[in-house]
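Examination of the molecular architecture
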Amino acid sequence: NGFNSTTKDAAGETLNGFGEFGVSSSNHPDGVPVVTFISKAADDSGLFLQMPSGVILRIADTATVYEPAGAAFWMLTEPSVAVSEDNTECYVSFAGRAGDSWRGIILATIPAAATHRDSVRLTTVADTSTPIPASPHFNFRCLTVPSATPQGDVVFFGSNCGSSGSSVLEEQ
């Protein structure tokens, strides 16, 4: 199953323009990998997941108000996908930005048999209100390169984005 500019998502919207993507390293229960990618549908940029059945689920888009951020996403990037060890779920991780200054790493959990967006569950892994471990006085400001694992974990790079020579930041 492929996709192109004539492909429609599960909501019937035609995909237009493609960006970053990720392919699972393990197979879905139907015997093939799953693919996550950035595209545009209707007037919104979004993150999508193509299931082996050909169904394309919208994970999140720029019309999605993400409650932890208190605003709609304006950027979705760096998608990664993994199939759970027990083959019951797909995990999609991505970096997102919303509002004036919110940045975060998000994990979407999707049942392996999903056919509709309603079954997508978004969880914040870390964001700009998350303290950096071992540095409780500093929160993450830069969060990037998330990678979902078959265990449902997300590995990512995060920092306070400091480079001014601060002795506290140099100790990190």
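Our subject is the structure that appears above.
Within each chain, residue numbers correspond to sequence positions counted from 1 in written order. Note on the predicted model: pLDDT of at least 70 is required for a residue's local features to be given, and 80 or more for side-chain atom pairs to be given and counted; whole-chain, interface and lining totals, by contrast, use all residues. Just so you know, side-chain values use all the structure's heavy atoms and leave hydrogens and water out.

As a further point, take the packing of aromatic side chains. The geometry of an aromatic ring pair is captured by two quantities: the separation of the ring centres and the angle between the planes. Each aromatic pair joins two rings of Phe, Tyr and Trp (for Trp, the six-membered one) with centres within 6.5 Å, and gets the label stacked for planes under 30 degrees apart, edge-to-face for over 60, and tilted for any other angle. Overall, the coordinates contain 9 aromatic pairs when judged by the stated rule. When the centroid spacing of 5.4 Å and the interplanar angle of 40° are considered together, the rings of Phe3 and Phe18 count as tilted. Residue Phe3 is found in the segment before β1 (15–23), and its partner Phe18 is found in strand β1; the two are separated by 15 residues along the sequence. Taking relative accessible area as the criterion, Phe3 reaches 27% and is therefore assigned partly exposed. For the pair Phe37 and Phe48, a centre-to-centre distance of 5.6 Å together with 20° between the ring planes defines the contact as stacked. In this pair, Phe37 is assigned in strand β2 (residues 35–41) and Phe48 in strand β3 (residues 44–50), connecting sequence segments 11 residues apart. Think of it in three bands: with a 1.4 Å probe and only protein chains considered, a residue is buried below 20% of the maximum accessible area for its type, exposed above 50%, and partly exposed in between. Phe48 sits in the buried class, given a relative accessible area of 0%. Numbering of helices and strands runs from the N terminus, with a helix taken as a DSSP run of H or I at least four residues long and a strand as a DSSP run of E at least two residues long.

All right, on to the side chain of Asp9 then. Relative to the assigned elements, Asp9 resides in the segment before β1. Under the relative-accessibility criterion, Asp9 is labelled buried at 5%. Among the polar contacts made by the side chain of Asp9, one reaches the main-chain amide nitrogen of Ala11 at a distance of 3.0 Å. A distance of 2.9 Å separates polar atoms of two side chains, one belonging to Asp9 and the other to Arg58. By the convention used here, residues are in contact when the closest approach between their heavy atoms is within 4.5 Å. Leave out the neighbours within four places in its chain, and Asp9 touches Leu15, Ala41, Phe48, Ile56 and Arg58. Pairing of N or O atoms within 3.5 Å defines a polar contact, subject to two protein rules: one partner must be a possible hydrogen donor and the other a possible acceptor, and residues neighboring in sequence count only if both atoms are side-chain atoms.

Let us now look at the nonpolar core. Grouped together as the largest cluster of nonpolar side chains are 25 residues, with contacts concentrated most on Leu49, Ile59, Phe73, Phe94 and Ile110. The set of elements that each furnish at least two residues to this core consists of β3, β4 (56–61), β6 (71–83), β7 (89–98) and β8 (102–111). Top element by residues in this core is β6. It accounts for 5 residues. Apart from the residues lying within four places of it in its own chain, the contact partners of Ile59 are Leu47, Phe48, Leu49, Phe94, Ala108, Ile110, Arg117, Val120 and Leu122. What we call a nonpolar core is a set of buried Ala, Val, Leu, Ile, Met, Phe, Trp, Tyr and Cys residues that are connected through their side-chain atoms within 4.5 Å.

Below, the discussion takes up the sheet that holds β1. Two orientations exist for strands paired in a sheet by backbone hydrogen bonds: parallel and antiparallel. Strands qualify as paired when DSSP identifies two bridges or more between them. Spatial strand order, β1-β2-β3-β4: 4 strands in an open sheet with antiparallel pairing. The open sheet is flanked by β1 and β4, the only strands paired with a single partner. Pairs of neighbouring strands in the sheet enclose a mean axial angle of 30°, with direction left out of account. Bridging between β1 and β2 involves 6 bridges; their strand directions are antiparallel. Opposite Gly22, over in β2, you have Thr36 as the bridge partner. To obtain each axis, a line is fitted to C-alpha atoms, and for helices this fit is confined to the stretch in contact; angles are then taken between N-to-C directions over 0 to 180 degrees.

A separate point is the pairing of β2. With 6 of 7 residues buried, β2 is to be regarded as a mostly interior element. By the bridge criterion, 7 bridges tie β2 to β3 in an arrangement that is antiparallel. Its bridge partner lying in β3, Thr36 is registered against Leu49. The antiparallel pairing of β2 with β3 creates a hairpin that spans 2 residues between the two strands, and Ala42 there sits at a positive phi of about 60°.

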